[in-house]
Amino acid sequence: MVIKSLKLKNYRNYDLLDLTLDTQTNIFYGDNAQGKTNILEALYLSGTTKSHRGTKDRDLIQFEHDEAHLETIVIKRGMEYQIDMHLKKNSPKGIAVNKVPIRKASELFGIIHFVFFSPEDLNIIKEGPSGRRRFIDLELSQLDKIYLSNLSSYNRIINQRNSLLKDIDRQHNLVETLDVWDMQLAEYGMKVIESRRNFIRQLNKIISNIHYRLTGGKEHIFLEYESSVGNLSFAQALKKNRERDMRLKSTSVGPHRDDLSFMEGSLDIRKFGSQGQQRTAALSLKLSEIELVRMLIKDTPVLLLDDVLSELDKHRQNYLLDSIHDIQTVITCTGLDEFVNHRFSINKIFHVKNGQVAEEN
Ligand SMILES: Nc1ncnc2c1ncn2[C@@H]1O[C@H](COP(=O)(O)OP(=O)(O)O)[C@@H](O)[C@H]1O
Ligand SMILES: [Mg+2]
């Protein structure tokens, strides 16, 4: 699948933008704060309905305006899809595919698949578990509509359970209603955990090879899904922790507290790896994500690389660039120096300045 074009109106710092992308490598370069990431964000949004930065719709709309429009044309297996998105300040966004409005955001999924790679991803191993859960959730939600639906049910129920835990403090007889919530929580929670374990199992088959090559045959890496539920069933774990949850007024076990560990032999890279080791493992993770998505969707995702090249040393840069072929890629960077000594071919170059994009030859 490839993105043919992107049009923006009153989106972030773009009044109007009309771009035609190449089916291979596209580079957007320019100084900081000119609007490079905004382009990648707009692309990602048109495939997933969400900003990769987690920004709310109203903040994506250009300052002083009430609405923004995005139009993306995707080509997939010879068919054209036009995705229109209409963001509004005070109401939910409208989305249409080939001019037909869709009712649920999930109807959009499956048309275009993105793998987004930003400098923050290189810290995914060094930082806390929430980034690692986010990585799994963002990818799985694109791959699996049922996962997305189970995860949103889970999140809704956990919010309700947590507010109930607060209410129980004042009105103790409410404790009886906890059982009902716990039953539902356990049901969706187990499904979420199951899908995540399966996803990690599949990633494991790919990452070991990639990481082995990336480290010049020095390291074997292995991922482990670490569930806060432990060996118990989720329902049992909820029961066991109920007293504590009531005291803390929040739910202490469940997928929202789970983690992903990166093991090199018996060494936990999260805790004991060097900074370099952690970043290499993070790069291996992203490269494995691309491969896994390719396998699962039986098509090529679109790769968005936001300013990551300058974060990598020559060896890792080359490795990344060498891994990119037969896949549409949109790269942002501040300068073109990174590419000078690389045989990597660039198909289109755009210069970004203050919400204006000029194509260069
Ligand atoms: N809602 C908005 N309306 C107008 N301008 C915005 C909005 N949100 C962000 N911006 C502007 O976008 C610019 C940052 O764009 P970004 O794509 O992150 O830059 P970079 O080129 O560094 O990747 C800043 O100048 C910021 O003021
Ligand atoms: Mg940026």
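The rules we used
Residues numbered from 1 in each chain as written. Chains lettered and ligands numbered in written order. Predicted model: local features only at pLDDT ≥ 70, side-chain atom pairs only at ≥ 80, totals over all residues. Heavy atoms only, no water. UniProt positions renumbered as here; feature names shortened; annotations may be inferred. Helix = DSSP H or I, 4+ residues; strand = E, 2+ residues; numbered from the N terminus. Buried < 20%, exposed > 50% of the residue type's maximum accessible area, 1.4 Å probe, protein only. Contact = heavy atoms within 4.5 Å. Phe/Tyr/Trp six-rings, centres within 6.5 Å; stacked < 30°, edge-to-face > 60°. Pairing = 2+ DSSP bridges. Axes fitted to C-alpha atoms, helices over the stretch in contact; angles between N-to-C directions. Near = heavy atom within 4 Å. Polar contact = N/O pair within 3.5 Å; in protein donor to acceptor, adjacent residues only side chain to side chain. Areas by Shrake-Rupley, 256 points an atom, 1.4 Å probe, with all protein chains shown as cover. Nonpolar A, V, L, I, M, F, W, Y, C, P; charged D, E, K, R; others polar.

1. With respect to the UniProt feature "binding site: ATP" (unreviewed entry) in the chain
Under the local residue numbering, the UniProt record ascribes the feature "binding site: ATP" (unreviewed entry) to Gly30, Asp31, Asn32, Ala33, Gln34, Gly35, Lys36 and Thr37. Relative to the elements of secondary structure, Gly30 occurs in the loop between strand E3 (25–29) and helix H1 (36–48). Of the residues examined, Gly30 reaches a relative accessible area of 1% and is grouped as buried. If near-sequence neighbours (up to four positions away) are discounted, Gly30 is found in contact with Lys36, Cys333, Thr334, His351 and Val352. What makes Thr37 buried here is its relative accessible area of 17%. The contacts of Thr37, once residues within four sequence positions are left out, are His52, Arg53 and Asp306.

2. Focus on the packing of aromatic side chains
Scanning all chains against the criterion turns up five aromatic pairs. Geometrically, the ring pair formed by Tyr44 and Phe116 is edge-to-face, given 5.7 Å between the ring centres and 85° between the ring planes. In this pair, Tyr44 sits in helix H1 while Phe116 sits in strand E8 (residues 114–117), placing the two residues 72 residues apart along the sequence. On the numbers, 6.3 Å between centres and 45° between planes, the contact of Phe135 with Phe199 is tilted. Here Phe135, found in helix H3 (residues 129–143), pairs with Phe199, found in helix H5 (residues 178–214); they are 64 residues apart in sequence, far enough to count as distant. Phe199 carries the same exposure label as Phe135, and that label is buried. Through pairs of rings, three or more aromatic residues link up here, namely Tyr44, Phe114 and Phe116.

3. Here's the deal with the sheet that holds E3
Ordered in space as E8-E12-E13-E3-E14-E15, the six strands form an open sheet in which the pairing is mixed. Every interior strand has two partners, whereas the edge strands, E8 and strand E15 (356–360), have only one. Between one strand axis and the next, the sheet turns through 20° on average, direction left out of account. Relative to strand E13 (residues 329–333), strand E12 (residues 302–306) is paired through four bridges, and the arrangement is parallel. Its bridge partner lying in E13, Leu304 is registered against Val330. Where helix H9 (residues 275–297) meets the sheet, it contacts E8 and E12, and its direction lies at approximately 170° from that of E8.

4. Quick look at the site of ligand 1
In the region of ligand 1, 15 residues are neighbours, and Ala33, Lys36, Thr37, Asn38 and Ile61 sit closest. In this structure, an oxygen atom belonging to ligand 1 sits 3.1 Å away from a main-chain N or O atom of Gln34. Here ligand 1, which alone exposes 580 Å², has 77% of that area covered by the protein. With three residues, H1 is the largest single contributor of residues to the shell around ligand 1. Considering only residue class, the shell around ligand 1 consists of three nonpolar, seven polar and five charged.

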